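In case you want the letters, here they are:
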Amino acid sequence: MQVDIGPITRIEGHLNVKTTVENGVVTDARCEGEMFRGFEIFLRGRDPLDSQQITQRICGVCPYAHAIASSTAQENAYRLQVPPNGRILHNLIQGANHLYDYLLHFYQLCALDYVDITAVLEYTGKDRELSKVRDWVKAEIDSGKRYPAAPFLPRLSGKYLDNRDANLGAIKNYLEAMKMEQKANQAAAIFGGKFPHATAIFPGGCTQEARVDLIVPYQSLIREVRDFIHHKYIPDVLAVAGAFPEYWDIGRSQGGFLSYGHLPLGPEPDSRRLLAPGVMFDGQVEAVDFNQIRQDVGNAKYSSPSNLRVRDAAITPQPNKRDAYSWIMAPRYAGQVVEVGPAARVMVDYAQGHNPEIKKLVDRFAGQAGIQPTQLNSVLGRHLSRAILAAVLADFLLAESQRLQPGQPTMASIDPPASAEGFGATEASRGALLHYIRIENYKIAKYECVVPTTWNASPRDDQGQPGAMESALIGTRVNNPEEQIESKRIVRSFDPCLACAVH
Amino acid sequence: MFDRRKFLKLAAALAAAFGTKGLSQPARAALNDIDPRTVPKLLYLQGLSCTGCSISLLQADSPSPLSMITDYSQLVFHTDLSATSGAQAMELINSFIDGQAGDYVLAIEGAIPAGMPEACIIDHKPFADYLERAARTMSGAVAIGSCACDGGIPAAEGNPTGAVGLAEFYRNRNINQPVINIRGCPVHPDWVWHTITHLVLVGNPNLVNGSPRVFFERRLHELCPRYYDFQEEIFAEKLGDRGCLFRLGCLGPITFADCPTRWWNGGRTWCVDTNAPCIGCASPKFARQKDLPFYRLSEGKGRNS
Ligand code: SF4
Ligand code: SF4
């Protein structure tokens, strides 16, 4: 039987997944990206410096990653020397934003698939917030409304956490996480200007100064978030893992892993990174070569040629193209499917023995859960990878903020040439993000973004290979084929961002 | 426009969605007069959006997210927060839009691809269809953010989708429905929130360009702490300098918004305070023209000719 499980909520943007279910198993899945805006088209002819502002509007959840990717592409094109403070500020802004994004993803976007909100009805303790939630849920359910306690209810049928204390703790942390997300964003905005959509990030650095009266509040906000990560977030992820251990084996994508590496440790474009870049097939990691990336549109709604390299990209929408089922293109690395995102970042780094903290945490948690590191390729693996990255990142940001040199410049002087081209690669919290810019006669001649969810939620390529998320869904056993909470847990573990994927 | 009764309902719905902590005492009292069971619900749908406005609303510090969820929470559907999905979600959305689930206010984030309906689909139907159907049943509509108000970035010059804002979409289809425009890319959470206070206290708010005058009536430039620098001709010469940012392209002089007095992200920061020129994100013409770049660099060669 064919079942559409969209619209999938608690993700960013418009996504449907068309599934075929036979004997309780998903035998086919097609990810349909259902929105298109045309950024690469309307960027043409604009001033290149507009691009880090415009591309941030690709996504209001991770705008800073786009600002950094665009700035890096321009730095590459303009051959800019970024002062050390400028690079550090980029890291502080983007890193803080990642912390927020990991928390948002786990608590607001995923927790309601695992946590039993109705557990709060039996709460008898003295916590003010939980009592408030209890009274509210009770009143809502008693009200006779058609949809009481929205947006928490109604919900899909399925197995939820059955440990009362774990549920109550998670509900409390759902609420507290929102405050922590605000703090992480406030930290980012101290240097970024505002969130969402930073105005202070530029190629060459950041317009905000490196002042002590800004560094201190930044650090204190990050410290609070760091405490939450260690004392709430990681234990909650482990509690879900303990209650749903089968999800170490559910949602495995078929293919390789790609990470551009994250957070340069020095101002030079080729500086070592906190997390190492690489592309991994069968456990073997190679250096990333942008020329190996090509985008297919055989099943995507474009009439432009297929299998183009990033710098040759073309985009002509054809909304009614026959048999095309998504606005998302299908990027492939050397013709192969790859998954990007937190699990890819962790596995690519771990396989190279690069960051000792990553190695320590992966070994510890894999040992505790009794899994192999390769099982990070799973629903729980993606959640655990985010938590590991959050812990490593929070420590790094505190150390990095100490390296700022107050009073020293934070911006290079920009003088865009008449013609140039550049690549900028970074990691959005959802995965590998690449921007390409070509400038002719002082204007943008071509702009191309290859975005995390474009990889993960891609449709079949021209060879018929399913994308990473499609492959992770195929073979999944589902209890209720109409609702498929299992499939939705898989989809959400990727943290798909449809506005990003189809920009 | 709305009559006072509708305004109260709208206010209450927004209060329900985003909490009541930040409200003044008289405003809270007015809201308390409303029976929560009769408060219209808020149906929050997204079109061509980046979700930035929803994310910005979650940055509101007063009210807190806790009060948003527990005090009333009549946010019957929101794509980023709702537990439900799939057919169950569609049943919920459709039951409101078809008028079977009681009064509701439509909140829209994102533009409408008027020239390419397939560019925004919900459950196999164009987003525009939902807006047309909702016009017959809703109590009113709030356009949240520059995309929903005027098309925003998706409507930038050269855009392939024919993106427009909600008011224009309704106008073009001869649908007579009031829309309150709350501009900004993203919207400032206070602008949404305090609109409620204003509605409740004063009733029919004074609108300018369809937006509450109280936030959008004055040029940013006049409110800017660097206005003195402007008058004294103390200008930033390159990015990262202090001083008035006019020569670098600051759009404060043509943008109507109160960022300089309100600040962002818990009052910690705003664009010009980080030496970053205002790019006019709250302006109806935000990002519209290719030949009006956000920045002018004094060293620029042919770029600003
Ligand atoms: S910085 Fe911008 S808004 Fe402020 S005074 Fe100068 S031109 Fe006006
Ligand atoms: S200062 Fe300008 S760019 Fe910044 S938020 Fe306000 S209107 Fe938008």
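Under an unreviewed UniProt entry, chain B has the name Hydrogenase (NiFe) small subunit HydA and belongs to Desulfurivibrio alkaliphilus. Per UniProt, the comment on chain B under Subunit (unreviewed entry) is "Heterodimer of a large and a small subunit." Quoted verbatim from the Sequence similarities (unreviewed entry) heading of the UniProt record, the comment on chain B is "Belongs to the [NiFe]/[NiFeSe] hydrogenase small subunit family."

Chain A has the name Nickel-dependent hydrogenase large subunit in an unreviewed UniProt entry, where Desulfurivibrio alkaliphilus is given as its organism. As stated in UniProt under Sequence similarities (unreviewed entry), the record for chain A gives "Belongs to the [NiFe]/[NiFeSe] hydrogenase large subunit family."

Before going further, it helps to spend a moment on the overall build of chain B. A count of helices and strands for chain B gives 13 helices and 11 strands. For chain B, with 305 residues in total, the buried portion stands at 65%. Within chain B, residue pairs in contact and separated by at least 24 positions form 75% of the contacts whose partners lie at least 6 positions apart. For chain B, the accessible area works out to roughly 10,500 Å², and carbon and sulfur atoms hold 47% of it.

Let's shift gears to the interface of chain A and chain B. Facing the 95 residues of chain A at the interface are 93 residues of chain B. Both faces combined, the contact of chain A with chain B buries some 7,800 Å², and carbon together with sulfur accounts for 58% of it. In this assembly, chain A and chain B are joined by one salt bridge. Notably, a salt bridge pairs E209 of chain A with R242 of chain B, separated by 2.7 Å at the nearest N-O pair. Along the contact surface separating chain A from chain B lie 40 residue pairs in polar contact (both at pLDDT 80 or more).

Now for the sheet that holds strand β2 (residues 75-78) of chain B. Consider a sheet: its strands pair through backbone hydrogen bonds, and that pairing is either parallel or antiparallel. All names here are of chain B. Pairing in this open sheet of five strands is parallel, and the strands run β2-β1-β3-β7-β9 from one edge to the other. Strands with a single pairing partner mark the edges of an open sheet, and in this sheet they are β2 and β9 (179-182). Put simply, the sheet's adjacent strands are angled 20° from each other on average, direction ignored. One ladder, built from three bridges, connects strand β1 (residues 41-46) with β2; its direction is parallel.

Moving on to the site of ligand 2. Taken together, K194 of chain A together with L220, T255, C259, W264, W270, C271, C278, I279, G280, C281 and A282 of chain B make up the full set of residues near ligand 2. The environment around ligand 2 is built from residues contributed by chains A and B. For the shell around ligand 2, the per-class residue count stands at nine nonpolar, two polar and one charged.

Turning our eyes to something else, we now look at the domain arrangement of chain B. Residue and element names in this part refer to chain B. The domain boundaries assigned to chain B delineate domain 1 (4-214) and domain 2 (218-305). With 21 residues of domain 1 in contact, the opposing surface of domain 2 contributes 18 residues. Each partner contributes to the roughly 1,500 Å² buried at the junction of domain 1 and domain 2, and carbon and sulfur atoms together form 57% of this total. One can count one salt bridge joining domain 1 with domain 2. A salt bridge links R262 to D190; the nearest nitrogen and oxygen atoms lie 3.2 Å apart. Viewed at the interface, domain 2 and domain 1 are joined by nine residue pairs in polar contact (both at pLDDT 80 or more). At the level of secondary structure, the elements contributing two or more residues to the side of domain 1 that touches domain 2 comprise α7 (146-150) and α9 (189-202). Each residue belonging to the side of domain 1 that touches domain 2 can be placed in one class, and the counts come to eight nonpolar, eight polar and five charged.

A full pass over the atoms with the stated rule returns 43 salt bridges over all chains. Each of the salt bridges in this network shares a partner with another, and the network as a whole consists of D28, R30, R460 and E470 of chain A.

Another point: the nonpolar core. Grouped together as the largest cluster of nonpolar side chains are 208 residues, with contacts concentrated most on L99, F191 and Y233 of chain A together with W191 of chain B. Other than its neighbours up to four places away in sequence, L99 of chain A contacts A184, I222, V225, I229, A390, L393, A394 and L397 of chain A. Y147 of chain A together with I97, Y104 and F169 of chain B belong to the second largest nonpolar core, which has 43 residues in total.

The subject of this paragraph is the site of ligand 1. By nearness alone, every residue bordering ligand 1 is listed as H221, C224, R226, Y227, F230, C244, L245, F246, C250, G252 and P253 of chain B. The class makeup of the residues in the shell around ligand 1 is eight nonpolar, two polar and one charged.

Following the sequence through the fold, G255 of chain A ends up in the loop between α7 (212-243) and β6 (256-259). For the pair G255 of chain A and Q465 of chain A, spaced 210 residues apart in sequence, the C-alpha separation works out to 10.0 Å.

Residue and element names in this part refer to chain A. Mapped onto this structure's residue numbering, the UniProt feature "binding site: Fe cation" (unreviewed entry) falls at C500. Positionally, C500 belongs in helix α14 (residues 498-501). Owing to a relative accessible area of 2%, C500 belongs among the buried residues under this scheme. In this view, C500 contacts E12, I58, C59, C62, H66, V451 and T454; residues no more than four positions away in its chain are not counted.

Here the focus is the packing of aromatic side chains. Overall, the coordinates contain 33 aromatic pairs over all chains when judged by the stated rule. An angle of 70° between the planes, with centres 6.1 Å apart, marks the rings of F294 of chain B and Y295 of chain B as edge-to-face. We classify Y295 of chain B as buried; its relative accessible area is 1%. An aromatic cluster of at least three residues, connected via ring pairs, comprises F106, Y107, F228 and Y233 of chain A. In this structure, R155 of chain A packs its charged tip against the face of Y160 of chain A, placed 4.1 Å from the ring centre. Over the aromatic face of F365 of chain A sits the side chain of R364 of chain A, whose NZ or CZ is 5.4 Å from the ring centroid.

All names here are of chain A. Annotation from UniProt places "binding site: Mg(2+)" (unreviewed entry) at E40, C62 and H503. Residue position: E40 is located in helix α1 (residues 39-42). Contacts of E40, omitting those with residues within four sequence positions, involve I315, Y447, E448, C449 and H503. Within the fold, C62 resides in the loop between α2 (51-54) and α3 (63-78). Other than its neighbours up to four places away in sequence, C62 contacts N97, D101, A428, R430 and C500.

Criteria and thresholds
Residues numbered from 1 in each chain as written. Chains lettered and ligands numbered in written order. Predicted model: local features only at pLDDT ≥ 70, side-chain atom pairs only at ≥ 80, totals over all residues. Heavy atoms only, no water. UniProt positions renumbered as here; feature names shortened; annotations may be inferred. Helix = DSSP H or I, 4+ residues; strand = E, 2+ residues; numbered from the N terminus. Buried < 20%, exposed > 50% of the residue type's maximum accessible area, 1.4 Å probe, protein only. Contact = heavy atoms within 4.5 Å. Areas by Shrake-Rupley, 256 points an atom, 1.4 Å probe, with all protein chains shown as cover. Buried area = accessible area lost by both parts, 1.4 Å probe. Salt bridge = Lys/Arg side-chain N within 4 Å of Asp/Glu carboxyl O. Polar contact = N/O pair within 3.5 Å; in protein donor to acceptor, adjacent residues only side chain to side chain. Pairing = 2+ DSSP bridges. Axes fitted to C-alpha atoms, helices over the stretch in contact; angles between N-to-C directions. Near = heavy atom within 4 Å. Nonpolar A, V, L, I, M, F, W, Y, C, P; charged D, E, K, R; others polar. Domains from an automatic or database assignment. Core = buried A, V, L, I, M, F, W, Y, C linked by side-chain atoms within 4.5 Å. Phe/Tyr/Trp six-rings, centres within 6.5 Å; stacked < 30°, edge-to-face > 60°. Lys NZ or Arg CZ within 6 Å of the ring centre and 35° of its normal.

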